[in-house]
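For reference, the chains in residue letters:
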Amino acid sequence: MVLAGEVAQPGTYDIAPDETLSGLLARAGGLTASAYPYGAVFTRESARREQEAALRRYAAEVDRALEEQLRRANPPAADRVEMARRLSQDLHRAQALGRITVQADPAALAADPSQDITLEHGDRLTIPKRPLTVTVVGRCCRRHHCSSGPARGRTIIWRRRAARPATRTRTWPSSSCRTAAPARWSGCPTCTGWPGSRRGPPSSCRATRSRWSSCP
């Protein structure tokens, strides 16, 4: 088996019968201080062969379905036929990685031995370094990258705040908010939302934002 990345003694190891991942990591001296075990990439040759066989089966099913459709009196449109053929070609050419999701943190494996997998010849484990940035994406006002270094002491709450503008928000206060009492903003002629809704005030509204945007 091959151990690579942030391992104290990376290299190729002979594995004993029924040897587990935690045992091999202990033999290799454990992980380095900068290791990020939750991003570990574990590949297995037997899994790769099974995944490739599954891809070929999917490709054969697409080919068979396409042939059946073309035999009908009303075959599908040419663009759909071309799309199906491209899908079949992609499936035939695809190369499986044989990746398996594993727990590679020695502390977590010691706490829960049921996650400690038994190794096979041909396995490979790569432990990456701990990332120094976090990418904020999804339903946030501003997608960006921010530092996640432990020395900065910044939590996920700070990162969520960093991903939103400092002067604009598009969420109404919750129904439990007392700073923005309904009487203060429900009479605004340009706002039709209610407390707790996900619809924020329009950009033209100046009557309500200053009254509740600072509510903690």
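What you are looking at is a predicted structure, and each value in this text was computed from that prediction instead of being measured.

*Asks:* Can you help me understand the packing of helix α2 (residues 45-71) against helix α3 (residues 78-93) in this one?
*Replies:* To characterise two packed helices, one gives the angle between the axes of the helices and the distance between these axes. The contact between α2 and α3 brings their axes to 8 Å, and the two run at 160°. Taken together, the axes of α2 and α3 are roughly antiparallel relative to one another. As α2 runs across α3, the sense of the crossing is left-handed. In this structure, α2 uses L55, R56, Y58, A59, V62, D63, L66 and L70 to contact α3, whose residues at the interface are V81, A84, R85, L87, S88, L91 and H92. Broken down by class, the residue content of the contact of α2 with α3 amounts to 10 nonpolar, 2 polar and 3 charged.

*Asks:* Could you clarify how one ought to interpret the side chain of Q103 in this entry?
*Replies:* Note that Q103 resides in the loop between β4 (99-100) and α4 (106-111). Residue class for Q103 comes out buried when judged on its relative accessible area of 15%. In this structure the side chain of Q103 is engaged in a polar contact, spanning 3.0 Å, whose partner is the backbone nitrogen of D105. In this structure, Q103 is in contact with L21, Y38, A108, L109 and Q115, ignoring residues within four places of it in sequence.

*Asks:* Mind showing me how you'd approach the nonpolar core here?
*Replies:* The biggest cluster of nonpolar side chains holds 18 residues, and the ones touching the most others in it are M1, L3, L21, L24, L119, L125 and I127. Here this core takes 3 residues from helix α1 (residues 21-27), the largest share from any one element. Contacts of L119, omitting those with residues within four sequence positions, involve M1, I15, E19, T20, L21, L24, F42 and R44. Membership of the second largest hydrophobic core comes to 5 residues, among which are L55, A59, V62 and L91.

*Asks:* Got a minute to help me understand α2 in this structure?
*Replies:* Think of an α-helix as turning once every 3.6 residues; residues three or four places apart then point the same way. Here α2 is 27 residues long and its end C-alpha atoms lie 40 Å apart, about the 39 Å a rise of 1.5 Å per residue gives. Contacts from the buried residues of α2 go to α3 and β4.

*Asks:* So what exactly am I meant to see when it comes to the environment of M1 here?
*Replies:* Turning to its location among the elements, M1 is positioned in the segment before β1 (2-5). Between the C-alpha atom of M1 and that of G122, which follows or precedes it by 121 residues, the distance is 5.5 Å. With residues near it in sequence (within four places) discarded, M1 still touches G11, T12, Y13, I15, L21, L24, F42, L119, D123, R124 and L125.

*Asks:* Before we go on, may I ask you to explain the pattern of salt bridges in this structure?
*Replies:* Where side chains of opposite charge bring their charged atoms close, a pairing between them can arise. Summed over all chains, the structure comprises 9 salt bridges. Across the salt bridge formed by R44 and E120, the nearest N and O atoms sit 3.5 Å from each other. Note that R44 is positioned in the loop between β3 (41-43) and α2 and E120 in the loop between α4 and β5 (124-127), a separation of 76 residues in sequence. Using a relative accessible area of 12% as the deciding quantity, one classes R44 as buried. E120 sits in the partly exposed class, given a relative accessible area of 34%. The closest approach of N and O atoms between E67 and R71, which form a salt bridge, is 3.7 Å. Placement of the pair is E67 and R71 together in helix α2, with a separation of 4 residues, close to one helical turn. Here E67 falls in the partly exposed class, since its relative accessible area comes to 44%. Here R71 falls in the exposed class, since its relative accessible area comes to 63%. If you follow the salt bridges from partner to partner, you end up with E45, R48, R49 and E52 in one network.

Criteria and thresholds
- Residues numbered from 1 in each chain as written.
- Predicted model: local features only at pLDDT ≥ 70, side-chain atom pairs only at ≥ 80, totals over all residues.
- Heavy atoms only, no water.
- Axes fitted to C-alpha atoms, helices over the stretch in contact; angles between N-to-C directions.
- Helix = DSSP H or I, 4+ residues; strand = E, 2+ residues; numbered from the N terminus.
- Parallel < 35°, antiparallel > 145°, perpendicular 65-115°, else oblique.
- Left-handed = near helix turned anticlockwise from the far one by under 90°.
- Contact = heavy atoms within 4.5 Å.
- Nonpolar A, V, L, I, M, F, W, Y, C, P; charged D, E, K, R; others polar.
- Buried < 20%, exposed > 50% of the residue type's maximum accessible area, 1.4 Å probe, protein only.
- Polar contact = N/O pair within 3.5 Å; in protein donor to acceptor, adjacent residues only side chain to side chain.
- Core = buried A, V, L, I, M, F, W, Y, C linked by side-chain atoms within 4.5 Å.
- Expected span 1.5 Å × (residues − 1).
- Salt bridge = Lys/Arg side-chain N within 4 Å of Asp/Glu carboxyl O.

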